[in-house]
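# Structural characterization, general
The chain contents come next:
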Amino acid sequence: MAGPRFVHLHNHSEYSLLDGAIRVKDLAETAKTMGMSAVALTDHGNLFGAIPFFKAAVDAGVKPIIGMETYVAEGGIAERGRVPGQSRSDHLTLLVRNEEGYRNLIKLSSIAYLEGFYYRPRVDYELLARYRGGLVAMSGCLQGAVARLLLADRRKEAAELCERLVSIFGPGAFYLEMQNHGIPEELAVIPRIAKLAADTGLPTVATNDCHFLKAEDHRAHDVLLCLQTGKELDDPARALRSNPETYFKSPEQMGELFAEHPRSLESTLAIAEMCDFRLPEGEQLLPRFPIPQPYASAKDYLEHLVMESLPKRV
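Read on for a plain summary of the structure. (Residues numbered from 1 in each chain as written. Predicted model: local features only at pLDDT ≥ 70, side-chain atom pairs only at ≥ 80, totals over all residues. Heavy atoms only, no water.)

## Some thoughts on the overall build of the chain
Tallying secondary structure elements over the chain gives eleven helices and seven strands in all. The C-alpha radius of gyration of the chain comes to 21 Å, within 12% of the 20 Å expected for a compact globule of 314 residues. Principal-axis analysis of the C-alpha atoms gives the chain an extent of 70 × 45 × 45 Å. Counting over 314 residues, the chain shows a buried share of 49%. A fraction of 76% describes how many contacts in the chain between residues 6 or more apart in sequence connect residues 24 or more apart. Looking at the chain as shown, the accessible area adds up to about 16,500 Å², and 53% of this sits on carbon and sulfur atoms. Each charge class in the chain can be summarised by its mean position, and for the 35 positive and 42 negative side chains these summaries are 4 Å apart. (Helix = DSSP H or I, 4+ residues; strand = E, 2+ residues; numbered from the N terminus. Rg over C-alpha atoms; globule rule 2.2 N^0.38 Å. Buried < 20%, exposed > 50% of the residue type's maximum accessible area, 1.4 Å probe, protein only. Contact = heavy atoms within 4.5 Å. Areas by Shrake-Rupley, 256 points an atom, 1.4 Å probe, with all protein chains shown as cover. Lys, Arg positive; Asp, Glu negative; His and termini not counted. Charge placed at Lys NZ, Arg CZ, Asp CG, Glu CD.)

As structure tokens, then:
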């Protein structure tokens, strides 16, 4: 009997710096080996790995889905006044559907670093509404706003936030994300997410928060997190530890974890089907800058700028 059909949509590569430990080539090849038709890359707050990942996936024969796990500043990206390290930033998973979505995700990532950076690259709901086109959103892990509100028994607020996210991304482009790494809070929130989905009519989607490739890579990933935090492995007080379940699981393993929520597995295929973007190859996509009068070409204007600035450099 064939196992469940499933694709991984929440993965962190080496480009989730000092957090992810999956090489993009290995990510693509393992997805192919496991019989997956597609695979996504959703690094923390950045698109650094998008192009090498895309090429690796195409070479491996699986559909690449470019994405990002972004940080959404609860009070807006201008907020800086809270205690350092405690500014509320909720996770939200974004996936590219088409060229418009890719351009918008580039915009969001750039703004997150250039304007929203405060301990981490952040966006806010206003920016999401401005650059929403061509994107699919998933509600994220335990650090996502929906899970956080449900765990706090703030169900009405969670439903209102879902309504807001649907209004931003559009019907059919927002999913309630379910994860199961054996964490007590996850086990507590899964039925609440299912209830919220039933009440709102929103679809659920199953993901694994993949940070390393194989189960046996767990200790190496734990060492990586120690490098990130400046802690030692045997420090009993260190807060950030690697979860042994955050590896790239097979469809069969995911099927067992979400046996009671088969539609959440099917949703991975539906999302993979709607995400259909290919990076243009062999084209130079350089920005075009207006050339002021009386300069006839960019070369002439560049020469003028060089000669104008030369005395300041001497």
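Next comes the rest of the description.
## A few points about helix 6 (residues 155–169)
Spanning 15 residues, helix 6 covers 21 Å between terminal C-alpha atoms, matching the ideal 21 Å at 1.5 Å per step. Burial in helix 6 covers these residues: Ala158, Leu161, Cys162, Leu165, Ile168 and Phe169. The buried residues of helix 6 occupy an angular sector of 120 degrees when projected down its axis, which confines them to one face. Opposite its buried face, helix 6 presents the exposed residues Lys156 and Glu163, each directed more than 90 degrees away. Looking at the buried residues of helix 6, the elements they touch are strand 3 (89–96), helix 4 (125–130), strand 5 (135–138), helix 5 (145–151), strand 6 (174–178) and helix 7 (184–200). Trailing helix 6 by a residue or two, Gly170 shows a phi angle of about 95 degrees, which is positive. (Expected span 1.5 Å × (residues − 1). Arc of directions from axis to C-beta.)

## Description of the packing of aromatic side chains
The full count for this structure, using the stated rule, is six aromatic pairs. Arranged with centres 4.8 Å apart and planes meeting at 85 degrees, the rings of Tyr118 and Tyr119 form a pair that is edge-to-face. Arranged with centres 5.4 Å apart and planes meeting at 45 degrees, the rings of Tyr295 and Tyr301 form a pair that is tilted. Take Tyr295: its relative accessible area is 24%, and that puts it in the partly exposed class. Judged by its relative accessible area of 25%, Tyr301 is partly exposed. (Phe/Tyr/Trp six-rings, centres within 6.5 Å; stacked < 30°, edge-to-face > 60°.)

## Some details on the pattern of salt bridges
Side chains bearing opposite charge may pair, as long as their charged atoms lie close to each other. Across all of its chains, the model carries nine salt bridges by this definition. Linked through salt bridges whose partners overlap, the residues forming this network are Glu74, Asp90 and Arg148. (Salt bridge = Lys/Arg side-chain N within 4 Å of Asp/Glu carboxyl O.)

## Here's the deal with unusual backbone geometry
Between Gln293 and the following residue, Pro294, the backbone shows a cis peptide bond with an omega angle of 5 degrees. Structurally, Pro294 is set in the loop between helix 10 (262–274) and helix 11 (298–313).

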